[in-house]
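Chains, contacts and geometry: an overview
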Amino acid sequence: MTSTAMPTAEQHGLVAHTDGAFVPVQTRSERFRSVNVDDFAPVNGREHEWKLSPVAAFADLTGGELDGSRPTIETTDVAGVAISWIARTDARIGSAGIPEERASANAWSTFGESLLVSVTGEDEKVAVITRSGLGSAPRAAHTVIEAAPFSRALIVLRGIGDARLSENVEILVGEGASLTVVSLQEWSDDSVHLASQFARLSRDSFLKHIVVSLGGKVVRVNPSTHLAEQGADIEALGLYFADAGQHLEQQVFVHHDAPHTKSRVTYKGALQGSGARTVWIGDVLIGQKATGTDSYEQNRNLVLTDGTRADSVPNLEIETGDIAGAGHASATGRFDDEQLFYLMARGIREDEARRLVVRGFLTEIVQKIGSPELEARLNAAVEAELQGN
Amino acid sequence: MSVLEIKNLHVNVETDQGTREILRGVDLVINKGEIHAIMGPNGSGKSTLAYTIAGHPKYTVVQGEILLDGENVLEMTVDERARAGLFLAMQYPVEIPGVTVTNFLRTAKTAIDGQAPSVRTWVKDVRESMSNLKMDKAFAERNVNEGFSGGEKKRNEILQLELLKPNFAVLDETDSGLDVDALKVVSEGVNRAMASTGLGVLLITHYTRILRYIKPDFVHVFVAGRIAEQGGPELADRLEEEGYDRYNVAEAAAAE
Ligand SMILES: Nc1ncnc2c1ncn2[C@@H]1O[C@H](COP(=O)(O)OP(=O)(O)O)[C@@H](O)[C@H]1O
Ligand SMILES: [Mg+2]
């Protein structure tokens, strides 16, 4: 099901598309995978995984040669979060997942070393890893985030400045660990960033995974989560704000592959300005072994101006009869003028009233991040988007 | 002395079936400190009058004037009207997801006063008004009107009336859907606001029962987009006994 908002003045509020038929992926678990770029045919834009993306804008990343050298990263010393570089041959590489499309495979084929973020210790901690100055030449990167059993941390992987980057991120969550990973895209206006993130969750572990895409010309972050062992729990959150000419995409995949696993997927986006474009695809696969699964995914888009387009495609594939619950919702709606009227009727100026409504819409995601500092930063970033910066 | 004047007001609304004339020449003068009850059957145009005063974009004024102390209200934007001292308690208050009552009240107060309220007295004022309206403290952290019951929404409107201190308030069926306890609480709120700021009130209602608690100075019977009769409080008593039948509501509507 695709809900495409080409709003008219008559549209009010959120138009729910929840009850329509959806197209099961069926083949999602059998999708072709390889770490070798040459195993994938050159991208023409008609492939199911590329058909909603502006492939011509990043042919260099799907087909060209990439610079696989170490990028500069900035981070602060945090006890229990060790940062190092590991060789391609390290056993951890490829243990969370491997590429399903060509940009991902191209990066995999060319990265030199992988960044390793290693989390230990049961106390809460926050580490921010910033990548900046990646430049405008096409690059590849690989990152492994590994949380030891019963460890806890919030890791922010942040991108600023110029980038033409294709990368893979592997997230290994050990037994009983509780990890938050925030992928924060604040790239410069001309940047292109294609990311595949693969998470593997062990028994009774919890991952809160948050994709925040604000800056960049084309930003496509596709997180896949493998709930590989019983009791694994993923909360996948996303927040995006597309301005004129921006393409922000996320293809989310959750694979329930063990008993009593749980997933909650909530992505919210705002679109503003001519040519602002967003894509959300949410695939949930509940496999045969995943009895007692509890799953819910939703995507909501708020359209602020004419000339935008939001695609929202939930897919649910269920291979077992014995589940606790599975549902999905998708809605794309025009800014609600009745909300605006209500606020203005209390003396609040139009621009401020608009900001309140949009901030209110997105705040559900921001509030769940669990770091007051980061929440404040994100609120400020959303504010800047609303000011049209 | 502040005065709100409505002169020969004609208002259209665009519907799917085309333009409809709803208000057909309304005249009304409300002085500060006065309570005017507007009573009328469903569909007679009461909410249209309320929304038009507040400036809702759906309603088009085709003739007539609204003046606040001689100033042309129709030239003002919605927010300017509120800052000029007009307030509308809505029949169906709107939900604002993700915006807490606290944040909303402070933002509105700041906008109306042109400066942020002093933290200490403001927090106290909010708490006191909420307690007067028998609203649980937890409301402050809930999102505006989200998941509120009908009665809670109406209390929230009167809370704003008390805190924003307008010169004129239009209360659009604030009594509808309230049980008798809530009706008393809400009425006391309006009476408190009158006592403290001497505001003028346009009290729109379908029923007479709120008039037991809020005593009108004038009663206007609204039928088919205009005032069909006006008088003192005794007119309300008569409506209580006789209903709207003698205004030939059906005929008046058919004559549109
Ligand atoms: N926004 C609107 N769109 C279409 N018709 C409207 C709208 N507002 C009011 N009307 C129509 O105008 C008439 C008066 O409505 P309203 O002012 O709500 O009456 P009341 O508040 O007295 O019940 C009704 O017939 C109603 O259907
Ligand atoms: Mg009404």
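- Per an unreviewed UniProt entry, chain A goes by the name Fe-S cluster assembly protein SufD and belongs to Agromyces humatus.
- Chain A has a UniProt comment under Sequence similarities (unreviewed entry) that states "Belongs to the iron-sulfur cluster assembly SufBD family."

1. Side note on the sheet that holds strand S16 (residues 294-303) of chain A
All names here are of chain A.
- If you walk across this open sheet you meet the 9 strands as S1-S4-S6-S8-S10-S12-S14-S16-S18, and the pairing is mixed. The sheet is open, and its two edges are formed by strand S1 (73-75) and strand S18 (325-334), each paired on a single side. Averaged over all adjacent pairs, the angle separating strand axes in this sheet is 10°, with direction ignored.
- Where strand S8 (residues 178-187) and strand S10 (residues 206-215) come together, 9 bridges link them in parallel fashion. Paired with Leu184 across the two strands is Val212, which belongs to S10.

2. A word on the interface of chain A and chain B
- The interface of chain A with chain B comprises 19 residues on the first partner and 32 residues on the second.
- For the pair chain A and chain B, the summed buried area comes to about 2,000 Å², and 67% of that belongs to carbon and sulfur atoms.
- Among the residues chain A hides against chain B, the three largest losses belong to A:Phe341, A:Tyr342 and A:Arg346. Together they make up 40% of the total.
- On inspection of chain A and its partner chain B, the count reaches 1 salt bridge.
- We note a salt bridge from A:Arg346 to B:Glu157, for which the minimum N-O separation is 2.7 Å.
- Those elements that place two or more of their residues in the side of chain A that touches chain B are helix H3 (337-344) and helix H4 (350-366) of chain A.
- Of the residues forming the side of chain A that touches chain B, the biggest block, 8 residues, is contributed by H4(A).
- Broken down by class, the residue content of the side of chain A that touches chain B amounts to 9 nonpolar, 4 polar and 6 charged.

3. Here's the deal with the coordination of the magnesium ion (ligand 2)
Residue and element names in this part refer to chain B.
- Protein coordination at the magnesium ion (ligand 2) comes from Ser47 (OG) and Gln91 (OE1), with a distance range of 2.1 to 2.3 Å. Of the two residues, Ser47 is situated in helix H1 (residues 46-54) and Gln91 in the loop between strand S6 (86-89) and helix H3 (101-113); the sequence distance between them amounts to 44 residues.
- Judged by relative accessible area, which is 14%, Gln91 ranks as buried.

4. As for the nonpolar core
- By size, the foremost hydrophobic cluster in this structure holds 120 residues, and its most contacted members are A:Val182, A:Val358, B:Leu49, B:Leu161 and B:Leu171.
- Taken domain by domain, the makeup of this core includes at least three residues from each of domain 1 (8-334) and domain 2 (336-389) of chain A.
- If we ignore the near neighbours within four places in the chain, the residues touching B:Leu171 are B:Ala89, B:Ile158, B:Leu161, B:Val190, B:Val201, B:Leu202, B:Leu203 and B:Ile204.

5. Some thoughts on the pattern of salt bridges
Residue and element names in this part refer to chain A.
- Under the counting rule described, the total for this entry stands at 36 salt bridges over all chains.
- Two residues, Arg33 and Glu100, come together in a salt bridge whose shortest N-O distance is 2.8 Å. Linking Arg33 in the segment before helix H1 (59-63) with Glu100 in the loop between strand S2 (81-87) and helix H2 (102-110), this pair joins segments that are 67 residues apart in sequence.
- On the accessibility criterion, Glu100 (12% relative accessible area) is buried.
- Of the charged contacts in the structure, one is a salt bridge between Glu229 and Arg200, with a shortest N-O distance of 3.3 Å. With Glu229 in the loop between strand S11 (218-227) and strand S12 (233-242) and Arg200 in strand S9 (residues 192-201), the pair connects residues that are 29 residues apart, well separated along the chain.
- Judged by relative accessible area, which is 24%, Glu229 ranks as partly exposed.

6. Re H4(A)
- Over its 17 residues, H4(A) extends 23 Å from the first C-alpha to the last, a length consistent with the 24 Å expected when each residue adds 1.5 Å.
- In H4(A), a bend of some 30° at A:Gly360 exceeds every other bend along the element.
- Among all positions of H4(A), only A:Ala353, A:Arg355, A:Leu356, A:Val357, A:Val358, A:Gly360, A:Phe361, A:Leu362, A:Thr363, A:Ile365 and A:Val366 are buried.
- Where H4(A) is buried, its residues contact S12, strand S14 (262-271), S16, H3 and helix H5 (372-386) of chain A together with H3 of chain B.

7. Thoughts on the packing of aromatic side chains
- Applying the stated criterion to the full structure yields 8 aromatic pairs over all chains.
- Ring centres of B:Tyr51 and B:Tyr59 lie 5.7 Å apart, and the angle between their planes is 10°; on these two criteria the pair is classed as stacked.
- Put simply, the rings of A:Phe341, B:Tyr51 and B:Tyr59 pair up and form one aromatic cluster.
- Sitting over the ring of A:Phe361, A:Lys268 keeps its end group 4.5 Å from the ring centre.
- One Lys or Arg, A:Arg354, reaches over the ring of A:Phe335 and ends 4.6 Å from the middle of that ring.

Here is what the cut-offs are and how they apply
Residues numbered from 1 in each chain as written. Chains lettered and ligands numbered in written order. Predicted model: local features only at pLDDT ≥ 70, side-chain atom pairs only at ≥ 80, totals over all residues. Heavy atoms only, no water. UniProt positions renumbered as here; feature names shortened; annotations may be inferred. Pairing = 2+ DSSP bridges. Helix = DSSP H or I, 4+ residues; strand = E, 2+ residues; numbered from the N terminus. Axes fitted to C-alpha atoms, helices over the stretch in contact; angles between N-to-C directions. Contact = heavy atoms within 4.5 Å. Buried area = accessible area lost by both parts, 1.4 Å probe. Salt bridge = Lys/Arg side-chain N within 4 Å of Asp/Glu carboxyl O. Nonpolar A, V, L, I, M, F, W, Y, C, P; charged D, E, K, R; others polar. Donors = N, O, S within 2.8 Å, 3.2 Å for Na, K, Ca; no water. Buried < 20%, exposed > 50% of the residue type's maximum accessible area, 1.4 Å probe, protein only. Core = buried A, V, L, I, M, F, W, Y, C linked by side-chain atoms within 4.5 Å. Domains from an automatic or database assignment. Expected span 1.5 Å × (residues − 1). Bend = angle between axes of the 7 residues up to and from the residue. Phe/Tyr/Trp six-rings, centres within 6.5 Å; stacked < 30°, edge-to-face > 60°. Lys NZ or Arg CZ within 6 Å of the ring centre and 35° of its normal.

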